[in-house]
Each structure stands twice: as structure tokens, then as C-alpha cells.
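Here is what each chain is made of, one letter per residue.
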Amino acid sequence: MLLLRQMIILFLLMATGYILKKINIISPAGEKTMSGIVVNVANPALVLSAAINPESTISGRELADTTLLAVAVYAVFLVLAFLFPLAIRATASSRGAYSVMMVFSNIGFMGFPLLSAMYGAEALLYATPFMIIYNVLIYTYAVALMDRGHKWDLKHTLGKIFNVGVLACIITIILYLTRLRVPDFIETTVGHLSALTAPLSMMVIGASMTDMKLRELFTDFRLIIFCAVKLLIIPVAGVFCIKALGVSPMLTGVCLIMLGTPVGSMTAMMADQCGSPDYPLVAKGVALSTVLSVATLPLAFSVTGI
């Protein structure tokens, strides 16, 4: 019931962004500005809030185990990203899009706000390894698939990987392990900034959907199959496997949200920046999976009994 309530809230925030963009209160430039605030300020603050003067008891060993689990999860995703397009007989021109959509979920814009609301800041510590691996892969693997003419530049790639979000994750882990105390006024400031994440991120997602013909999303048979696999089959099967490892209930819940969130909006932004022909399909995948996740994520929690 708590998850369903949170998903309804996120959906209403998305609807608000959609309406505001439709009536021109949010302009294209304003949408880009809001996205920049989320990526560079609000979401990093949300991550940092997990480690500022923490009261939780997560050990260094638990964080190490979580990192190994995150590596395993993304390794499986990479295998599925290769096999799935072949299984649905995707056209050669769309295989890169399906591969990228399979690997990258919306863990920053949707996953982190949802984790914070459901489990509190402590859960974000478990999620930081997922975020770090995500950023490494999106600026290497995703670029390689969507920008086939891209000339490899190690310095440029490292600069992209070590962005403010990843640096916030690294600082979060250092603060937590060292138990450094932070002044109250900084803790309060970070708290206020982190509170912007959920409303702004969902409104940006909603605003981005104004460029889509929503009816057309539900007529793409392959895309619907993809969403069923991405949003239900993989999260449910993955959680049952993770449960068998005997991990804590909170970490299991974190993994389900990491697995069950819709296609990451960053994939569409990346495809657009690369000038990739995959962009229209990726954008449709982001929109359709986001709409469906309002129902599929609570269903996945219900089926797995978390």
C-alpha cells in the first residue's frame, strides 16, 4: 500500500509537469534548466543526505557485498541486452536501442526518490554502487552502441563518468565509513536541496512526454513485449534469486526498485546528444515504461512479497 501510494504521488507529479508544459508554463528551456538542477544539485544532495550524520548501522562489509551484487546485476543485464533483441527479432537498426533500454533504468530520477520515501536515507547507501556502475556504463557501453561513429577519447570519457552524481556517491561512502560529523546548517541545507529531487524529476519526465503521441506507444508490439520483460519478468525473477542469497529485506527492496524502475531518461538524452537514429525508439521506450511502471512496480512488490 505504501508503494502504491508513492507511485500515485509520482504519477500526479508527472501529470503536473505534463500539464504545465502543455499550457506553456514550462518552456523547453525551462525543462532543460529543471533537468540540470535535478542532475547536478538535487539528486546529489539526496545521495549525500544518506551519509550526513547517519544513525544507521550499515557496515563496510555490507556495502562491499552490495557492490558485488550490483556488479552481478549489471553483468546479467549486459547478457540480456545482447540476447533480447535477437529473441524478439528486432531489426538491425533497433537492436542498439533495445540493448541500451534493457541495461539502463531510471534509478536517479525515479529510483532514488522512491527509495528515500519508502525506506529512508539509509537505503540510498545501498543504492550508491548501482549509481556508480550505471554512470561508468552509460558513458562507455551506451555511447558505443548509440554513436557508432564516436571517436574514443579516454580523458573526455573519464570526465563524463566522474560527474557530480558519481562524486556525490563516492563522498557519501567516505562520509559514512569515516563517520565524519557535518555541521547542522550544512545538514539542513542538503536536506532542503534533496527535497527538490522527487517533484522536479517527475515534472521533467512528465514535461518530456508532451512531445509523444501517447496512443502510438501502445501499438508497438515489440516495445510492449520489452516493457513486460523489463518491468515485470526481470524484477520478479531477479528478486527471487536475490532472496535465495539471504540478503537483508531492505537490500532486497532496494534491488527490486533498481531492477523495476522504467527505462532511464538519460538514455534518451544520450541518444539525442549523439544524434543517434535510435532516439525515437528510445524516447518511446522511456515514455511507455514510465507510464506502465505506475502499475508494474507495485505488482512486482506484491508478487515477490516484499
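Quick caveat, the model's predicted, so the values are computed rather than measured. (Residues numbered from 1 in each chain as written. Predicted model: local features only at pLDDT ≥ 70, side-chain atom pairs only at ≥ 80, totals over all residues. Heavy atoms only, no water.)

Chemist: Can you walk me through the overall build of the protein chain in this structure?
Modeler: Looking only at helices and strands, one finds 16 helices and zero strands in the protein chain. For 306 residues, the compact-globule formula gives about 19 Å, and the C-alpha radius of gyration of the protein chain, at 18 Å, lands near that figure. The principal-axis extent of the C-alpha atoms belonging to the protein chain is close to 55 × 45 × 45 Å. Evaluated residue by residue, the protein chain yields a buried proportion of 52% over its 306 residues. Considering only residue pairs separated by 6 or more positions, the protein chain has 86% of its internal contacts joining residues 24 or more positions apart. Summing over all exposed atoms, the protein chain offers an accessible surface of approximately 13900 Å²; the carbon and sulfur share of this is 69%. Of the side-chain charges in the protein chain, 19 are positive and 14 negative, and the distance between the mean point of each set is 8 Å. (Helix = DSSP H or I, 4+ residues; strand = E, 2+ residues; numbered from the N terminus. Rg over C-alpha atoms; globule rule 2.2 N^0.38 Å. Buried < 20%, exposed > 50% of the residue type's maximum accessible area, 1.4 Å probe, protein only. Contact = heavy atoms within 4.5 Å. Areas by Shrake-Rupley, 256 points an atom, 1.4 Å probe, with all protein chains shown as cover. Lys, Arg positive; Asp, Glu negative; His and termini not counted. Charge placed at Lys NZ, Arg CZ, Asp CG, Glu CD.)

Chemist: Help me out: how do you make sense of the nonpolar core in this one?
Modeler: Nonpolar side chains tend toward joint burial in soluble globular proteins. Y74, Y98 and F226 are the most contacted members of the largest nonpolar core, which has 96 residues in total. With eleven residues, helix 6 (residues 122–138) is the single largest residue contributor to this core. Among residues more than four places away in sequence, those in contact with F226 are F84, Y98, M101, M102 and V263. (Core = buried A, V, L, I, M, F, W, Y, C linked by side-chain atoms within 4.5 Å.)

Chemist: Sorry if this is basic, but what is going on with helix 1 (residues 2–22) here?
Modeler: Think of an α-helix as turning once every 3.6 residues; residues three or four places apart then point the same way. In a regular helix each residue adds 1.5 Å, so 21 residues correspond to 30 Å; helix 1 covers 30 Å between its end C-alpha atoms and thus fits that length. Buried residues of helix 1: L3, Q6, M7, L10, M14, G17, L20 and K21, and no others. When helix 1 is viewed along its axis, its buried side chains cluster within an angular range of 150° and face the same direction. Check the buried side of helix 1 and you find it contacts helix 2 (28–48), helix 5 (107–119), helix 11 (197–208) and helix 16 (279–304). Of the residues trailing helix 1, N24 is marked for its positive phi of about 70°. (Expected span 1.5 Å × (residues − 1). Arc of directions from axis to C-beta.)

Chemist: Honestly, the layout of surface pockets in this entry has me stumped. Any pointers?
Modeler: Empty space among the atoms becomes visible once a probe the size of a water molecule is rolled across them. Within this model, the largest pocket holds a volume of roughly 1200 Å³. Lining the largest pocket we find 42 residues, and of these S35, F109, S265, M266 and M269 sit closest to its centre. The set of elements that each furnish at least two residues to the lining of the largest pocket consists of helix 2, helix 5, helix 6, helix 9 (164–178), helix 11, helix 15 (265–274) and helix 16. Among the residues forming the lining of the largest pocket, the class breakdown is 22 nonpolar, 15 polar and five charged. By volume, the second largest pocket is sized at about 240 Å³. Residue lining of the second largest pocket: 14 residues in total, with V73, V76, G238, C241 and I242 positioned closest to the centre. Secondary structure elements with two or more residues in the lining of the second largest pocket: helix 3 (60–87) and helix 13 (221–244). In terms of residue class, the lining of the second largest pocket is made up of 13 nonpolar, one polar and no charged. (1 Å grid on protein atoms, 1.4 Å probe; cavity = no way out; pocket = protein on both sides within 12 Å on 5 of 7 lines; lining within 4 Å. Points joined across faces, edges and corners; volume = space filled by probe spheres on them. Nonpolar A, V, L, I, M, F, W, Y, C, P; charged D, E, K, R; others polar.)

Chemist: What is the right way to look at the packing of aromatic side chains in this model?
Modeler: The relation between two aromatic rings is expressed through the spacing of the ring centres and the mutual angle of the planes. Counting across every chain of the model gives seven aromatic pairs. Between Y74 and F130, the aromatic rings sit 6.5 Å apart at their centres with planes inclined by 55°, giving tilted as the arrangement. Remark: F130 occurs in helix 6 and Y74 occurs in helix 3; sequence separation between them is 56 residues. For the pair Y74 and F130, one class covers both residues: buried. Between F84 and F226, the ring centres sit 5.7 Å apart and the planes meet at 65°, which makes this aromatic pair edge-to-face. With F84 in helix 3 and F226 in helix 13, the pair connects residues that are 142 residues apart, well separated along the chain. When its relative accessible area of 0% is taken as the criterion, F226 is described as buried. (Phe/Tyr/Trp six-rings, centres within 6.5 Å; stacked < 30°, edge-to-face > 60°.)

Chemist: I'm lost on the side chain of T66 in this one. Help?
Modeler: Inspection of the secondary structure assignment puts T66 in helix 3. What makes T66 buried here is its relative accessible area of 0%. Among all residues touching T66, those that are not within four sequence positions of it are Y126, P129, F130 and L251.

Chemist: Hey, could you run me through a nonpolar patch on the surface in this one?
Modeler: A grouping of F162, L167, I170, I171 and I174 is seen on the molecular surface, where their side chains present a nonpolar patch of about 420 Å² in accessible area. The topology assignment puts I170 in helix 9. We classify I170 as partly exposed; its relative accessible area is 31%. (Patch = residues over 30% accessible without salt bridge, like charges linked within 9 Å, V, L, I, M, F, W, Y side chains within 5 Å. Salt bridge = Lys/Arg side-chain N within 4 Å of Asp/Glu carboxyl O.)

Chemist: What am I meant to see in the pattern of salt bridges here?
Modeler: A side chain with one charge can pair with a side chain of the opposite charge if their charged atoms come near. Within this structure, the stated rule accounts for two salt bridges. Among the salt bridges present, the one from K21 reaches E31, with a minimum N-O distance of 2.7 Å. With K21 in helix 1 and E31 in helix 2, the pair connects residues that are ten residues apart, well separated along the chain. Overall, the relative accessible area of 14% leaves E31 in the buried class. Of the charged contacts, one joins D220 and K284 as a salt bridge, the two residues approaching to 3.4 Å between their closest N and O atoms. Taken together, the residues span a long stretch of sequence, with D220 in the loop between helix 12 (214–217) and helix 13 and K284 in helix 16 at a distance of 64 residues. Judged by relative accessible area, which is 24%, K284 ranks as partly exposed.

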